Amino acid sequence: MTAVVHHEIPQQRLLVTEIPGPRSVALQARKTQAVSNGVGVTLPIYVVRAGGGVLIDADGNSFIDMGSGIAVTTVGNANPDVVRAVQEQVADFTHTCFMVTPYAGYVEVCEALNRVTPGDHEKRSALLNSGAEAIENAVKIARSYTRRQAVVVLEHGYHGRTNLTMGMTAKSMPYKHSFGPFAPEVYRVPASYPFRDRGLKGPEMAEIATTRIDREIGAENVAAIVMEPILGEGGFIVPSPGYYKAMADYAKANGIVFVADEIQSGFCRTGDWFASEFEDVVPDLITTAKGIADGMPLAAVTGRAEIMDAVHPGGLGGTYGGNPVACAAALAAIDWMERNDAPALARQIESVMIPRLRELALQFPAIGDIRGRGAMIAIELVKPGTMDPNTELAAALNKYCHQHGVVTLTTGTYGNVFRFLPPLTMPLPLLEEALGILQQGFEEATR
Ligand SMILES: *Cc1c(COP(=O)(O)O)cnc(C)c1O
């Protein structure tokens, strides 16, 4: 099976200058003068075109894209179907504000979300601009519905950079450091982290977490449990079987709104439409963004009609939420996913990557763990023979890959997780080539 995409730019890794090349270096110098130092850049190659599985920079270098702009361009950057839909919409009108004079695209995206998200109960959706904004709104909705205040999140969780979502995010540096005080009534409980839980099973970890909720917060005070089915920025941590389901069941038994943050794991990324499906969990609310609209800014909260409709009229919204151009992109992206069986494309990427990474792990003992699902895969690097995070190796490998034309990302609470988020349109030979570069990186870094 291959992704049915006509790649308009050559699908190849091609380096014609040093990395970064002179044009990118010049742009980066202007960036330093013009852009806040707080806005970091992982790899300062300035992109001019992209598509399929590659990014082309201002110097004509062609990189294999193993990041998809952090799990956003799932259907391929500048997917021709999305481009066409955006061009048509942009020529008709760019904005009216849905809250003032509505348009069909917004309603159609909500209909699509209500159809593709887990569960066949009656649903409603609301559209926003960013993942963090979707989380903020999910919390508003859950509080309004339950008339409770507490929000429970997980260790290693990531939910965004606004004030409420910073408080919900676990990691201090770089997300929270020096930015407090944070919003009250946010409580953190243990996640399931199989590699570091010393053999504790999923249900046992859930027991620890829910006991904490009972003792320290009181279930009757909890409006929402907000969690990622696979922890993204925390290190692509796949919880032990049973943990996720047990947390959802606990929420149900206690009148707590269970919110699945599928902003990174959703839209076919993990080999299902949504990662919650893997454990047959039907969340009360689900937040989406990233993969929803192939890079156009769009996010959503989707969930049970009685919860979503509990909010007073006018309580949700925003000037740009559900922008018509972003909606056109989302409809084209979702249509592409349905026509091309996108979950199967993600599983195919997994079936190439996991065996290859297992081979590498036999050769390089620094690979302590291989995990993830579909096109959301990671390796956790340790100092050989220990559980100590090997952050230096992750950084060295990242640098090697970047220098050799592969865009890669690190992540994790300890910065020692090397993660892969290729677009589902990645040609498989390029995927193999990227893994070959990774192998060379290991050889060089561990020599
Ligand atoms: C990226 C992300 C967010 C925040 O989304 P933004 O669009 O950057 O605001 C929230 N939750 C998860 C799981 C994410 O991966």
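One can find the structure itself at the top, above this paragraph.
Figured I'd write up the structure that's included with this text. (Residues numbered from 1 in each chain as written. Predicted model: local features only at pLDDT ≥ 70, side-chain atom pairs only at ≥ 80, totals over all residues. Heavy atoms only, no water.)

**Observations regarding the overall build of the protein**
A count of helices and strands for the protein gives 13 helices and 15 strands. Computed over the C-alpha atoms, the radius of gyration of the protein is 21 Å, within 12% of the 22 Å expected from 2.2 N^0.38 for a compact globule of 447 residues. With the C-alpha coordinates aligned to their principal axes, the bounding extent of the protein is approximately 60 × 60 × 45 Å. Burial status across the protein gives 56% buried among its 447 residues. Intrachain contacts of the protein at a sequence separation of at least 6 include 74% that bridge at least 24 residues. If you sum the accessible surface of the protein, you get close to 18400 Å²; carbon and sulfur atoms cover 53% of it. If you average the places of the 37 positive and of the 48 negative side-chain charges in the protein, the two averages end up 4 Å apart. (Helix = DSSP H or I, 4+ residues; strand = E, 2+ residues; numbered from the N terminus. Rg over C-alpha atoms; globule rule 2.2 N^0.38 Å. Buried < 20%, exposed > 50% of the residue type's maximum accessible area, 1.4 Å probe, protein only. Contact = heavy atoms within 4.5 Å. Areas by Shrake-Rupley, 256 points an atom, 1.4 Å probe, with all protein chains shown as cover. Lys, Arg positive; Asp, Glu negative; His and termini not counted. Charge placed at Lys NZ, Arg CZ, Asp CG, Glu CD.)

**Concerning the sheet that holds strand E2 (residues 54-57)**
The mixed open sheet is built from 4 strands, whose spatial order is E1-E2-E3-E13. In this open sheet, the two edge strands, each paired with only one partner strand, are strand E1 (47-51) and strand E13 (406-407). The sheet contact formed by E1 and E2 spans 4 bridges and is antiparallel. From the neighbouring strand, Gly51 faces E2, where its bridge partner is Val54. Contacts from helix H13 (residues 428-445) reach E2, strand E3 (62-65) and E13, with the element oriented near 95° to E3. (Pairing = 2+ DSSP bridges. Axes fitted to C-alpha atoms, helices over the stretch in contact; angles between N-to-C directions.)

**Side note on the packing of aromatic side chains**
Here the structure, examined in full by the defined rule, presents 9 aromatic pairs. Ring geometry for Phe93 and Tyr103: centres 5.7 Å apart, planes at 65°, overall edge-to-face. Note that Phe93 is positioned in the loop between helix H3 (80-92) and helix H4 (104-116) and Tyr103 in the loop between H3 and H4, a separation of 10 residues in sequence. Overall, Phe93 belongs to the partly exposed group, its relative accessible area being 31%. Of the aromatic side chains, those joined through ring pairs into one cluster are Phe93, Phe98, Tyr103 and Tyr106. (Phe/Tyr/Trp six-rings, centres within 6.5 Å; stacked < 30°, edge-to-face > 60°.)

**As for the pattern of salt bridges**
Any two side chains of opposite charge can pair if their charged atoms end up close together. In the structure shown here, the tally under the stated rule is 17 salt bridges. With its nearest N and O atoms 2.7 Å apart, the salt bridge here joins Arg196 to Glu380. Of this pair, Arg196 sits in the loop between strand E6 (186-189) and helix H7 (202-217) while Glu380 sits in strand E12 (residues 376-381); the two residues are 184 residues apart in sequence, bridging distant segments of the chain. This pair shows no difference in class: Arg196 is buried, exactly as Glu380 is. Each of Asp81, Arg84, Asp335 and Arg339 takes part in salt bridges that share partners, so that together they form one network. (Salt bridge = Lys/Arg side-chain N within 4 Å of Asp/Glu carboxyl O.)

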